Amino acid sequence: RLVMIGVPISISGIVFSIIYLFINRITSGFGTEMVATLGIGNRIESINYLVAYGFSLATATLVGQNLGARNPARAAEMTHKTIQLVSAYIGITSLFFLIFPEAIVRVFTNDATVIEAGRGYVRILALSQVFMGWEIVLEGAFSGAGDTWPPMIVAIPGAIARIPLAWLFAGYWKLGPDGIWWAISATTVAKAVVLYIWFARGSWKHRIVH
């Protein structure tokens, strides 16, 4: 039982790390400054990621408690309330990303090339941050129900899709490094939407939590 719950989360993490190596490789084709930009973008994104992850843990606890009490409706209600809270917080930070991208990047570097590239990256990230929050909270909800396969099934194809999309946007469509940033944001949105639809279907409500 422990293996069936834990393995999907482990596999998702491993695949994500491997995919990130490929994204790094594609990014390096545009110069070391772009690799630095990618790293800074990840640090900036962690401002929202870590908060969403904290709410995800809370969601897992609430869903587990309510399913254990045979109250799936309240488990769903708690999940939606958490999504609203995370969306409000990340919505505010995303506005700062859109309005003050250069100032945010300057916290991490003084390199003019990185600042210019980072300004575009932060703005592109801003468009997907709320969806990232959804995805993380929903992963917590599924985990609380002991149903970790849906997040894995959504996360792995979504992560893998970043490689061809990055190549398509950056190379074939000649968007340059911005194409890589768009590939990352687009897949984030897609994963969140698919996971939300899966959650709304309610199959997780029939899980038995002891």
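Computed from a predicted structure; not experimentally measured.

Cut-offs and rules
- Residues numbered from 1 in each chain as written.
- Predicted model: local features only at pLDDT ≥ 70, side-chain atom pairs only at ≥ 80, totals over all residues.
- Heavy atoms only, no water.
- Core = buried A, V, L, I, M, F, W, Y, C linked by side-chain atoms within 4.5 Å.
- Buried < 20%, exposed > 50% of the residue type's maximum accessible area, 1.4 Å probe, protein only.
- Helix = DSSP H or I, 4+ residues; strand = E, 2+ residues; numbered from the N terminus.
- Contact = heavy atoms within 4.5 Å.
- Expected span 1.5 Å × (residues − 1).
- Salt bridge = Lys/Arg side-chain N within 4 Å of Asp/Glu carboxyl O.
- Axes fitted to C-alpha atoms, helices over the stretch in contact; angles between N-to-C directions.
- Parallel < 35°, antiparallel > 145°, perpendicular 65-115°, else oblique.
- Left-handed = near helix turned anticlockwise from the far one by under 90°.

(A) Broad picture of the nonpolar core. Counting residues in each nonpolar core, the largest one holds 20 residues, and the members touching the most others are Val63, Leu67, Phe199 and Trp204. Of all the secondary-structure elements, those providing two or more residues to this core are α2 (32-68), α3 (72-99), α6 (129-144) and α9 (177-201). Val15, Ile19, Ile124 and Ile184 belong to the second largest nonpolar core, which has 17 residues in total.

(B) Seen up close, the side chain of Ser128. Relative to the assigned elements, Ser128 resides in the loop between α5 (112-126) and α6. The buried category is assigned to Ser128, whose relative accessible area is 1%. Beyond its immediate chain neighbours, meaning those up to four positions away, Ser128 contacts Ser185, Thr188 and Val189.

(C) View of unusual backbone geometry. Backbone geometry at Arg70 places phi at a positive 60°, although glycine is not the residue there. Examined against the element boundaries, Arg70 turns out to sit in the loop between α2 and α3. Taking relative accessible area as the criterion, Arg70 reaches 53% and is therefore assigned exposed. Of note in the backbone geometry, Lys174 takes a positive phi value of approximately 55° without being a glycine. Given the relative accessible area of 70%, Lys174 is considered exposed.

(D) Geometry of α9. Along its 25 residues, α9 runs 37 Å from first to last C-alpha, staying within 8% of the 36 Å computed at 1.5 Å per residue. Just downstream of α9 lies Gly202, where phi reads positive at about 85°.

(E) Here's a closer look at the pattern of salt bridges. Inspection of every chain in the model, using the stated rule, returns five salt bridges. Residues joined in a network through salt bridges with shared partners are Glu102, Arg106, Glu116 and Arg119.

(F) Structural context of the packing of helix α1 (residues 2-28) against α9. Where α1 contacts α9, the axes come no closer than 10 Å and their chain directions differ by 155°. Taken together, the axes of α1 and α9 lie roughly antiparallel to each other. Helix-helix and strand crossings are classified by hand; for α1 and α9 the assignment is right-handed. Between α1 and α9, the contacting residues are Ile23, Ile26 and Thr27 on the first element and Ile180, Trp181 and Ile184 on the second.

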